[in-house]
Amino acid sequence: MASNNQPSLSNTKFPLAMNEVEQQATLSLESNKEDDFDYSKRAQWLRAAVLGANDGLVSTASLMMGVGAVKQDIKSMILTGFAGLVAGACSMAIGEFVSVYSQLDIELAQMKRKREKEGEDRNGQEDEEEEKEKLPNPLQAAAASALAFSVGAMVPLLAASFIRNYKVRLGAVVGTVGLALVVFGWLGAVLGKAPVVRSSVRVLVGGLIAMAITFGLTKLIGSSAL
């Protein structure tokens, strides 16, 4: 006959084992959430931000290098860069607004055709409201593109603003822009889970080529007395 003082197996508690099981289950769920995350959902805003910043950086720096090829004074270079910033930001905003608005019209028309085909009911209306909340916002896209372009364009402007010496100023612009290109390429790769080195090198080489072509062609045309 079992002693009354002997603990029953059914009443025995295993707090440590249960804690380990719960921790493993939590880690497993977190791992699955990370693995199941669709990084393609970032594509729209990532494309607008990264491309906008790269465009602002490369186009403004190329304009400044082009003017610097024929004029050595700092005022001409800064004014050219500022004009490029304003014009580019406006162009990016308008282009993104028109593009996203066209996409919005297409998706709204598709939702309308789907509703007419399936018939209207309460659940359908709720689903439509949820889908509308997920639709792109043209104003937000335009503002994001203009802001990203302006951030990129400010890099060469700041690099050249306080340097009077012509050659040093050109070197500062090229060096600063090159570093910013690597950073933008790395940032886009990290956020999009793409190869970091390949993305950074591609962005850097493309930007330097654009500046070199602009500088060379402007120098050639400026020295040919056309």
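Residues numbered from 1 in each chain as written. Predicted model: local features only at pLDDT ≥ 70, side-chain atom pairs only at ≥ 80, totals over all residues. Heavy atoms only, no water.

- Labelled according to an unreviewed UniProt entry, the chain appears under the name Vacuolar iron transporter, originating from Jatropha curcas.
- As its UniProt record puts it under Catalytic activity (unreviewed entry), the chain is described as follows: "Fe(2+)(in) = Fe(2+)(out)".
- The record in UniProt for the chain states the following under Subcellular location (unreviewed entry): "Vacuole membrane". (UniProt positions renumbered as here; feature names shortened; annotations may be inferred.)

1. Section: the packing of helix α6 (residues 166-192) against helix α7 (residues 196-223)
Here is step 1 of the chain: Where α6 meets α7, the axes come as close as 7 Å, and the angle between the chain directions of the two elements is 150°. Our classification of the angle between α6 and α7 gives roughly antiparallel. Crossing of α6 against α7: the hand is right-handed. Packed against α6, whose contacting residues are Y166, L170, V174, V177, G178, L181, V182, G185, W186, A189 and V190, the element α7 presents V196, S199, S200, V203, L204, G207, L208, M211 and F215 at the interface.
Here is step 2 of the chain: Of the residues belonging to the contact of α6 with α7, the class tally is 15 nonpolar, five polar and no charged. (Axes fitted to C-alpha atoms, helices over the stretch in contact; angles between N-to-C directions. Helix = DSSP H or I, 4+ residues; strand = E, 2+ residues; numbered from the N terminus. Parallel < 35°, antiparallel > 145°, perpendicular 65-115°, else oblique. Left-handed = near helix turned anticlockwise from the far one by under 90°. Contact = heavy atoms within 4.5 Å. Nonpolar A, V, L, I, M, F, W, Y, C, P; charged D, E, K, R; others polar.)

2. Digging into the UniProt feature "transmembrane region" (unreviewed entry) in the chain
Here is step 1 of the chain: Under the present numbering, the feature "transmembrane region" (unreviewed entry) in UniProt falls on residues 77-101, 141-163, 170-191 and 203-222.
Here is step 2 of the chain: Across residues 203-222, the secondary structure splits into 100% helix and 0% strand, with the terminal C-alpha atoms separated by 29 Å.

3. Observations regarding the confidence of the model for the chain
Here is step 1 of the chain: Predicted confidence across the chain gives a mean pLDDT of 78, with 71% of residues reaching 70 or more.
Here is step 2 of the chain: This model gives residues 12-19 a pLDDT under 50, and the stretch forms zero contacts once residues within four places in sequence are excluded.
Here is step 3 of the chain: Counting contacts from residues 25-41, a segment whose pLDDT is below 50, to residues more than four positions away or on other chains yields three contacts. (pLDDT = per-residue confidence, 0-100.)

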